[in-house]
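If you want the building blocks of each chain, they are given just below.
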Amino acid sequence: MSKPSISLCMIVRDEEELLPRCLDSVRTLTDDIIIVDTGSADGTIEIAERYGAKVIRYVWQNDFAEARNVSLEAATGDWILFLDADEVLDPYRCELITSYMSHTEIEGILFQIHSYLDEQVQWQTMITPALRMFRNRPEYRFRNAIHEQIIDSIASHMSDAALGQSDLIIHHFGSDPKRMASKQKIKRNRIALSGVLKKEPTNSYQIYNLAVNYCQTHELEQAVVLFRQSRQYDRQDSPCRSASYLHETICLFRLHRMHEAIAAANEGISEYDNYTDLYHWLGILHLHTGDTKRAEDMFIHALKLGGAVNYVSHKGTGTFLTRWLLGSLKHHTGAYDQAIQQYTLALDWEPLFSPALRDLARLLRCCNREEELSQLLLRHMNLHGTQMMSPLLAILTEVDSYSAILSLLDKRGPGEESYGEAVIHFRALLLSGKLTEVEQYVTANSILSQNMQHKLEMEQWILWMKKGIPAEILKYPFTGEDMDNENAAAAWLSFTAKAALVNGHAHTARSITGRWQTAVHREPRAIQNKQACTGLIQTLLYMTDVCLKEAGTLLIEQDTQQLLREIRISMCTEDMLEQLQSI
């Protein structure tokens with residue numbers, strides 16, 4: 001029996017930047033490619049033809065379903081796979097597609113759509129199950145002018161149709177806020193959705209989509225009303241209904257309506273008692289309201305469930321993200337060994353998960369157990385290979401874990417360091433207070449001679465750490481126009497304060513941070529600059545850690561503990577909210 005053939009069907013417009021990556025990902029899988037172009041003015045058509053696609057030039061009619069159906073009319077494969085240009089099929093386990101197609105009872109295959117808010121931060125991802133492959137039958141046609149779907153057409157023609165539930169992944173990169181803004185998708189979609197709902201006011205699917213649209217513009221009050229309204233007309237087995245509870249819970253959290261958010265999550269659990277994300281969010285809500293016992297219970301339950309299956313979900317709920325939050329809870333209730341255990345388990349699952357790495361590094365530094373972090377990272381390096389070196393060094397630099405940096409770089413052989421790694425090596429030695437070693441390193445390292453100006457600056461820093469930083473140098477960020485560039489000033493201040501502290505100039509370090517705090521309060525622009533304020537907070541935390549480490553204690557004032565807990569929860573929920581709003 002011959003292998004079933006597959007037609008890739010797409011609609012595109014001005015996608016020359018993204019289209020090649022998409023088509024490369026399916027090159028060995030599909031038998032023909034049908035691309036409906038709705039008016040490209042760039043090189044999209046030429047790229048498509050270069051890949052052997054049949055290109056159909058189509059006059060846009062403000063109807064996505066109609067354009068999709070034009071591609072179906074030209075498809076010759078036994079099965080249809082449909083993608084957008086900002087999507088890439090993951091090669092992992094793609095061989096299973098043939099197995100799914102061989103089951104005669106299966107009419108379609110569900111993929112897991114991984115939508116990235118930031119392509120460089122893989123854990124900031126929302127996962128949505130979606131039907132993306134189906135049998136090529138003339139009666140199966142897309143419906144809905146916007147947010148088009150095929151599943152309703154399949155169900156109406158074959159009520160007992162089976163769908164293959166797969167773990168096949170499609171990576172979606174169109175959730176980047178800048179990309180969405182450049183294409184004016186949010187504004188365009190709102191106009192279209194409002195038009196649909198004037199004609200179909202009880203269309204629960206499009207009410208839900210309009211609610212998500214309001215989330216994307218941070219109009220959360222209206223979004224909450226629409227999520228609730230969508231459920232009035234929706235079926236319990238609808239994926240949008242379950243997702244609406246999650247969206248509503250997060251919106252209410254953002255609106256500081258905590259008790260309503262808890263009620264929404266509990267209502268969702270009453271209908272979907274295996275929805276991991278709702279338990280995870282209940283943990284966040286109880287943590288935020290100070291009920292640590294209930295928060296812990298919810299996190300543990302989420303971990304027992306594991307990652308959500310067939311629900312809209314944030315990557316890491318039920319696994320590394322939940323473990324990190326449980327570790328954070330244990331951290332700030334004084335159960336340090338349990339916190340270290342949870343942070344470590346989170347990193348075992350997702351080695352480059354920077355929030356857990358940051359918190360683990362800080363806790364181990366305060367406990368005088370930094371060597372444990374080095375052992376953990378070296379174990380991950382052995383498991384995953386040296387390709388982890390660059391991202392790990394970047395994260396460790398961010399979290400001020402200099403002993404771990406030195407442990408990793410010590411594994412490099414003579415001459416194996418890149419120039420960038422050599423710079424990091426210098427900074428790690430200097431910020432570890434190893435003046436003799438750093439002086440020997442700069443003198444002997446030939447790769448640093450590639451940039452003599454930079455090498456001279458390093459030598460100057462070593463001299464300053466020996467003799468003290470001149471007063472006129474310390475005035476640098478606080479004079480003239482320098483504070484116009486808060487990011488550069490923050491980086492300089494942070495490095496200088498840390499270096500001064502660990503190399504015996506504590507008075508200078510305190511003077512720098514004191515003037516920095518005064519400048520932030522004096523300059524409204526600095527308060528508005530998140531990176532500058534974050535730099536100040538992280539510098540103060542690092543200096544506190546160093547002093548605590550030297551004192552051999554983890555005692556922190558209660559108000560400082562509360563501040564750190566709120567910062568940590570806020571950082572987590574802000575990331576998750578941005579993900580949900582981008583779907």
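Per-chain numbering applies: the sequence of each chain, read as written, is numbered from 1 onward. Where totals are concerned, whole chains, interfaces and linings use all residues; where local detail is concerned, this predicted model gives features only for residues with pLDDT of at least 70, and gives and counts side-chain atom pairs only at 80 or more. Side-chain calculation: all heavy atoms of the structure are included, whereas hydrogens and water are not.

A. Looking closely at the overall build of the chain. Helix numbers and strand numbers start at the N terminus; a helix is a DSSP run of H or I with at least 4 residues, a strand a run of E with at least 2. Of regular secondary structure, the chain possesses 28 helices and 9 strands. Relative accessibility thresholds used throughout: buried, under 20% of the residue-type maximum; exposed, over 50%; partly exposed, between the two (1.4 Å probe, protein chains only). When burial is assessed residue by residue, the chain has 54% of its 583 residues classed as buried. As displayed, the chain offers around 26,400 Å² of accessible surface, 51% of which is attributable to carbon and sulfur atoms. With residues, only the protein chains shown are counted as cover, and all accessible areas are computed by Shrake-Rupley using a 1.4 Å probe.

B. How the structure looks around the pairing of strand β2 (residues 32–37). By the criterion of burial, β2 is predominantly enclosed, with 6 of the 6 residues buried. Neither face of β2 is left uncovered, since the one carrying Asp32, Ile34 and Val36 and the one carrying Ile33, Ile35 and Asp37 both have all their residues buried. Whether two strands pair comes down to DSSP finding at least two bridges between them. The pairing of strand β1 (residues 6–12) with β2 spans 6 bridges and is classified as parallel. Across the sheet, the residue bridging to Val12 is Asp37, located in β2. Call a crossover right-handed when, viewed with both strands pointing away from you, the route from the first strand across the helix to the second goes clockwise. Between the parallel pair β1 and β2, the chain is carried across by helix α1 (residues 19–25), and the sense of this crossover is right-handed. Once you follow β2 into helix α2 (residues 44–50) and on to strand β3 (residues 54–57), the crossover reads as right-handed.

C. View of the pattern of salt bridges. Here a salt bridge means any side-chain nitrogen of Lys or Arg lying within 4 Å of a carboxyl oxygen belonging to Asp or Glu. For the structure on display, the rule yields 25 salt bridges. Here Glu221 and Arg257 are joined by a salt bridge, their closest N and O atoms 2.7 Å apart. Taken together, the residues Glu221 in helix α9 (residues 220–232) and Arg257 in the loop between α10 (239–254) and α11 (258–271) connect sequence positions 36 residues apart. Here Asp400 makes a salt bridge to Lys498, at a shortest N to O gap of 2.7 Å. Of this pair, Asp400 sits in the loop between α18 (389–398) and α19 (402–409) while Lys498 sits in helix α24 (residues 486–502); the two residues are 98 residues apart in sequence, bridging distant segments of the chain. For the pair formed by Asp400 and Lys498, the shared burial category is buried.

D. How the structure looks around the packing of aromatic side chains. Only rings of Phe, Tyr and Trp enter the pairing, Trp through its six-membered ring, and a pair is recorded when the two centres are within 6.5 Å. The plane angle decides the type: under 30 degrees is stacked, over 60 is edge-to-face, the rest tilted. Scanning the entire structure with this criterion turns up 16 aromatic pairs. Judged by centre distance (6.0 Å) and plane angle (80°), the rings of Tyr402 and Tyr542 are edge-to-face. Of this pair, Tyr402 sits in helix α19 while Tyr542 sits in helix α27 (residues 530–551), and the two are 140 residues apart along the sequence. Each member of the pair, Tyr402 together with Tyr542, is buried. Through a chain of ring-to-ring contacts, three or more aromatic side chains come together here, namely Tyr245, Tyr272, Tyr275 and Tyr311. In this structure, Arg231 is placed above the aromatic ring of Tyr245, and the distance from its NZ or CZ to the ring centre is 3.9 Å. Remark: a charge is flagged as sitting over a ring if the NZ atom of Lys or the CZ atom of Arg is within 6 Å of the ring centre and within 35 degrees of the ring normal. A cation sits over an aromatic face here: Lys498 above Tyr542, 5.6 Å from the ring centre.

E. Geometry of the nonpolar core. Grouped together as the largest cluster of nonpolar side chains are 117 residues, with contacts concentrated most on Leu373, Leu396 and Leu430. It only takes one pair of heavy atoms within 4.5 Å for two residues to be counted as in contact. Residues within four places of Leu373 in sequence aside, it is in contact with Leu357, Leu360, Ala361, Leu364, Leu396, Ser401 and Ala404. Residues belong to one nonpolar core when they are buried, are Ala, Val, Leu, Ile, Met, Phe, Trp, Tyr or Cys, and are joined through side-chain atoms within 4.5 Å. One finds Met10, Tyr51, Ala53 and Trp79 within the second-largest nonpolar core, a separate group that totals 34 residues.

F. The arrangement of unusual backbone geometry in detail. The phi angle at Asp14 is positive, at roughly 50°, despite the residue not being glycine. One non-glycine residue with positive phi stands out, namely Asn144, at about 85°.

G. Here's a closer look at the packing of α10 against α11. In this analysis, axes come from line fits to C-alpha atoms, helices being fitted only over the stretch in contact, and the angle between any two N-to-C directions falls in the range 0 to 180 degrees. Running from amino to carboxyl end, α10 crosses α11 at an angle of 165°, the nearest separation of the two axes being 8 Å. Considered as vectors, α10 and α11 are oriented roughly antiparallel to each other. By crossing handedness, the relation of α10 to α11 is classed as left-handed. Residues Arg241, Tyr245, Glu248, Thr249, Leu252 and Phe253 of α10 touch α11, and the partners they reach there are Met258, Glu260, Ala261, Ala264, Ala265, Glu267, Gly268 and Glu271. Classifying every residue of the contact of α10 with α11 by side-chain character gives 7 nonpolar, 2 polar and 5 charged. Should an angle lie under 35 degrees it is considered roughly parallel, over 145 roughly antiparallel, and from 65 to 115 roughly perpendicular; all remaining angles are considered oblique. Helix crossings get a hand from a simple test, with the near helix turned counterclockwise from the far one by less than a right angle marking a left-handed crossing and a clockwise turn marking a right-handed one. Basically, the charged four are Asp, Glu, Lys and Arg, the nonpolar ten are Ala, Val, Leu, Ile, Met, Phe, Trp, Tyr, Cys and Pro, and anything else, Gly included, counts as polar.

H. Representation of the environment of Glu219 in the model. Assignment of secondary structure puts Glu219 in the loop between α8 (204–216) and α9. Judged by relative accessible area, which is 33%, Glu219 ranks as partly exposed. Each residue touching Glu219, except ones within four places of it in the same chain, is listed here: Arg190 and Tyr214. Within 3.5 Å is the distance limit for a polar contact, defined as a pair of N or O atoms, with the added protein rule that one can donate a hydrogen and the other accept it, and that residues adjacent in sequence qualify only through two side-chain atoms. Separated by 2.7 Å, the side chains of Glu219 and Thr217 make a polar contact.

Treat this as a map of the structure, not an account of what it does.
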